[in-house]
Amino acid sequence: MHRKRLPGDTRVTVQRLGRLLSGMMMPNIGAFIAWGLIASLFAPAGWFPNEHFAKLLHLMITFLLPILVGYTGGQMIHGSRGGVVASIATMGVIIDSTVSMLLGAMIIGPLSAMVLKKLDQLVERKVRPGSEMLIGSFSAAIVGAVMALIGIAGAGAVLAAIHSGLAAGAQVLIDTGLLPLLSILVEPAKVLFLNNAVGHGILNPIGYIQSAQSGQSMIFALESNPGPGLGVLLAYSVLGKGHLQRSAGGAAVIHAIGGVHETSFPFILMQPRLIAALIAGGVAGSFTFWLFDAGFTAAPSPGSIIAYVALSTKEGLIPALAGILAATVVSFSTAAVILAANREQASAADKDLPENLGQGMTGLSGMVELEQAASSSSVVLQTAINKIVFACDSGMGSSAMGASIFRKKMKEAGVVASVTNTAISDIPKDVDLVITQKSLTDRARLMVPDAEHISIDHFLKSPAYDDLINRLKNQHAG
């Protein structure tokens, strides 16, 4: 008898698949941005054209970046051994290709590591003592060589055709003016914490193919545009009440300048009809990018206005800023209408927030203290807490801010514990307590089922933090 699949199971499966895709790109963002900056500055159409410096571009996009992506994908599956084998296999699909094989690396890398992992499991208990290094080295070498040869023999050509087809399809959407309509799918996915999967896992690899071929791509801006979320936050700062209004302004600063779009998600999920404002803003921004031919050399990541300025092409800078402005204005206008029509509901939601929500913190973090208080799970007293992890999808955005704020609270309270932030897929097994946003808690429990979990709506403020501080105080006093 098969267990009935629950909605939460589907959500976790989709999020895990998305994490696999985005997880191969995000650790290498620095390398992609480096390539984009070099292109923006020294490519023939750059700010300071330099043929000698521009020689880096072809080698990086053809070899370095796909191999980094392949290695990271292999490492996610089977550690450093999987990464090495994946790198060898990636060379096989690169060697005869005329396009950047980023998507090919995202396929062949994890697949090669999976083959090695299965082989290691088969021979694990059959290896005689003293021959582990010999067997381990040769098994990795053989799997890597075979997968590379498969890539050269035919898989590379198939993957190259897929690459070219996706790039051509994206170009058709641009040429026909249909590209902005993708925002109808992209914007709701972002609010469901699939922003990294959609951006880094699907859109950006296609964008890099286009950028390598033509020097720029508009695809990069579909998911990363800060305008739609910024418009909603500004609408809250004008039409919200009490804590919501005070919190929205600071959240807007972090959203637009820091590029941490997750700060807007709780505001939107508080009134799901605001997703319409995101879609409207996304369509308006993408249409403006298309209308004025905006272009980016690499993905603006995180989706900050600063990143947009740094990675826009010389001719595309003004169109890029215009696209952000258009998205913000349209999103703000739409959100303002929705909030005005539901003012009583917004007021009721605000009354449920704790009275001291805006007190006790200063600076930028103090401006974004938003939490739907009823959302926090109660802190269950179980074991001594020495290692606390804040976890989110990427491990670099909202969880980093949450960990920073909680460390500040611990310092003020005079308590000590290890507090770090990480991606859900990288949560250490020896953690005592994991803090995640509600929609990600199921995934976190799968990673560390024996740890204690606290589920909240927003990392930047939660009543559970104060409960946990009191618990740590009692623990140290005991």
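Throughout this description, residue numbers start from 1 for each chain and increase along the sequence as written. Reporting in this predicted model follows two pLDDT cut-offs: at least 70 for local features of residues, and 80 or more for side-chain atom pairs to be given and counted; totals over whole chains, interfaces and linings ignore these cut-offs and use all residues. Where side-chain values are given, they derive from all heavy atoms of the structure, hydrogens and water being excluded.

1. Points about the overall build of the protein chain
- Only DSSP runs of H or I with at least four residues qualify as helices, and only runs of E with at least two residues qualify as strands; both kinds are numbered from the N terminus onward. From N to C terminus, the protein chain includes 18 helices and four strands.
- Note on exposure labels: buried denotes an accessible area under 20% of the residue type's maximum, exposed denotes more than 50%, and partly exposed covers the range between, all computed with a 1.4 Å probe on protein chains only. With 478 residues in all, the protein chain has 53% of them scored as buried.
- By definition in these notes, contact holds between two residues if any of their heavy atoms fall within 4.5 Å. For the protein chain, contacts bridging at least 24 residues in sequence account for 73% of all contacts bridging at least 6.
- Here, Shrake-Rupley sampling with a 1.4 Å probe gives the accessible areas, and only protein chains in the shown set may cover a residue. Summing over all exposed atoms, the protein chain offers an accessible surface of approximately 20900 Å²; the carbon and sulfur share of this is 66%.

2. Here we look at unusual backbone geometry
- Cis geometry is adopted by the peptide bond preceding proline 302, which originates at serine 301 and carries an omega value of 0°.
- If you trace the backbone, proline 302 turns up in the loop between α11 (275-291) and α12 (305-311).
- At aspartate 293, a residue that is not glycine, the phi angle is positive and equals roughly 60°.
- Following the sequence through the fold, aspartate 293 ends up in the loop between α11 and α12.

3. Some details on the sheet that holds strand β1 (residues 387-392)
- Any two strands are treated as partners once DSSP identifies two or more bridges connecting them. Spatially, four strands are ordered β2-β1-β3-β4 in an open sheet, and the strand pairing comes out parallel. Of all strands in the sheet, those bounded by a partner on one side alone are β2 (418-423) and β4 (452-456). Going across the sheet, the axis of each strand differs from the next one's by a mean of 25°, ignoring polarity.
- As judged from the six bridges shared by β1 and β2, these two strands associate in the parallel manner. Paired with lysine 387 across the strands is serine 418, a residue of β2. In this analysis, axes come from line fits to C-alpha atoms, helices being fitted only over the stretch in contact, and the angle between any two N-to-C directions falls in the range 0 to 180 degrees.

4. Some details on the environment of leucine 192
- Relative to the helices and strands, leucine 192 resides in helix α6 (residues 183-214).
- Residue leucine 192 is classed as exposed on the basis of its relative accessible area, which comes to 52%.
- Sequence spacing of leucine 192 and leucine 440 is 248 residues, and the spatial spacing of their C-alpha atoms is 9.6 Å.

5. With respect to the pattern of salt bridges
- Salt bridges are counted wherever a side-chain nitrogen of Lys or Arg sits within 4 Å of a carboxyl oxygen of Asp or Glu. The final tally for this structure, using the stated rule, is five salt bridges.
- A salt bridge links arginine 81 to aspartate 120, with the nearest nitrogen and oxygen atoms 2.9 Å apart. With arginine 81 in helix α3 (residues 55-94) and aspartate 120 in helix α4 (residues 102-123), this pair connects stretches of sequence that are 39 residues apart.
- The exposure class of aspartate 120 is buried, given its relative accessible area of 17%.
- Between aspartate 466 and lysine 409 there is a salt bridge, with the nearest N and O atoms lying 3.3 Å from each other. Of the two residues, aspartate 466 is situated in helix α18 (residues 463-477) and lysine 409 in helix α16 (residues 398-413); the sequence distance between them amounts to 57 residues.
- With relative accessibility at 30%, the residue aspartate 466 sits in the partly exposed group.

6. Some remarks on α18
- By this rule, a helix spans an expected 1.5 Å times one less than how many residues it contains. Compared with the 21 Å implied by 1.5 Å per residue over 15 residues, the 22 Å span of α18 between its first and last C-alpha is a close match.
- If you check which residues of α18 are buried, you get Ala464, Tyr465, Leu468, Ile469, Arg471 and Leu472. Taken end-on, α18 shows its buried residues confined to a sector of 160°, consistent with a single buried face. With respect to the buried face of α18, the exposed residues turned more than 90 degrees away are Asn474 and Ala477.
- Buried positions along α18 lie against β1, α16, β3 (433-437) and β4. Note that the arc is computed from the directions linking the helix axis to the C-beta atoms.

7. Description of the pairing of β1
- Within β1, five of the six residues are buried, which leaves the element mostly enclosed by the surrounding structure.
- By the criterion used throughout, a crossover qualifies as right-handed when its path from the first strand across the helix to the second strand runs clockwise, the strands pointing away from the viewer. Remark: the β1/α16/β2 crossover connection has right-handed handedness.

8. What to know about a nonpolar patch on the surface
- Residues enter patches when their relative accessible area tops 30% and they take part in no salt bridge; the joining distance is 9 Å for like charges and 5 Å for the nonpolar side chains Val, Leu, Ile, Met, Phe, Trp and Tyr. Together, Leu134, Ile135, Phe138, Ile142, Val146 and Ile150 make up a nonpolar patch on the protein surface, roughly 550 Å² of accessible area in all.
- In this structure, valine 146 sits in helix α5 (residues 132-176).

9. Some points on the packing of aromatic side chains
- Stacked, tilted and edge-to-face are the three classes applied to pairs of Phe, Tyr and Trp rings, where Trp contributes its six-membered ring and a pair requires centres within 6.5 Å; stacked means planes under 30 degrees apart, edge-to-face means over 60, and tilted covers the rest. With the rule as written, the count across this model stands at 12 aromatic pairs.
- With a centroid separation of 6.1 Å and 85° between ring planes, the pair formed by phenylalanine 289 and phenylalanine 296 is classed as edge-to-face.
- Of the residues examined, phenylalanine 296 reaches a relative accessible area of 0% and is grouped as buried.
- Seen from their ring centres, phenylalanine 296 and tyrosine 308 are 5.0 Å apart, and the 75° between their planes marks the pair as edge-to-face. Of the two residues, phenylalanine 296 is situated in the loop between α11 and α12 and tyrosine 308 in helix α12; the sequence distance between them amounts to 12 residues. For the residue pair phenylalanine 296 and tyrosine 308, the accessibility class agrees, reading buried in each case.
- Taken together, the ring pairs in this structure connect Phe32, Trp35, Tyr208 and Phe220 into an aromatic cluster.

10. Points about the environment of isoleucine 174
- With respect to the element layout, isoleucine 174 can be found in helix α5.
- Judged by its relative accessible area of 13%, isoleucine 174 is buried.
- Between the C-alpha atom of isoleucine 174 and that of aspartate 293, which follows or precedes it by 119 residues, the distance is 9.6 Å.
- Aside from chain neighbours lying at most four places away, what touches isoleucine 174 is Leu179, Gln210, Met218 and Trp290.

11. Quick notes on the nonpolar core
- Membership of the largest hydrophobic core comes to 44 residues, with the highest contact counts inside it found for Val69, Tyr208 and Phe296.
- No other element matches α6, which puts eight residues into this core. Think of a nonpolar core as a cluster: buried Ala, Val, Leu, Ile, Met, Phe, Trp, Tyr and Cys residues, connected wherever their side-chain atoms sit within 4.5 Å.

12. Thoughts on the packing of α16 against α18
- Look at α16 against α18: their axes get within 11 Å of each other, and the N-to-C directions meet at 45°. If you check the angle between α16 and α18, you find them oblique. Once α16 is placed against α18, the crossing between them reads as right-handed. Residues Gly402, Phe406, Lys409, Met410 and Ala413 of α16 touch α18, and the partners they reach there are Tyr465, Asp466, Leu468, Ile469, Leu472 and Lys473.
- Of the residues that constitute the contact of α16 with α18, the class distribution is seven nonpolar, one polar and three charged. Working rule for angles: under 35 degrees goes down as roughly parallel, over 145 as roughly antiparallel, 65 to 115 as roughly perpendicular, anything else as oblique. A clockwise turn of the near helix away from the far one marks a right-handed crossing, whereas an anticlockwise turn of less than a right angle marks a left-handed crossing. Gly counts as polar in this scheme, as do all residues outside two lists: the nonpolar Ala, Val, Leu, Ile, Met, Phe, Trp, Tyr, Cys and Pro, and the charged Asp, Glu, Lys and Arg.

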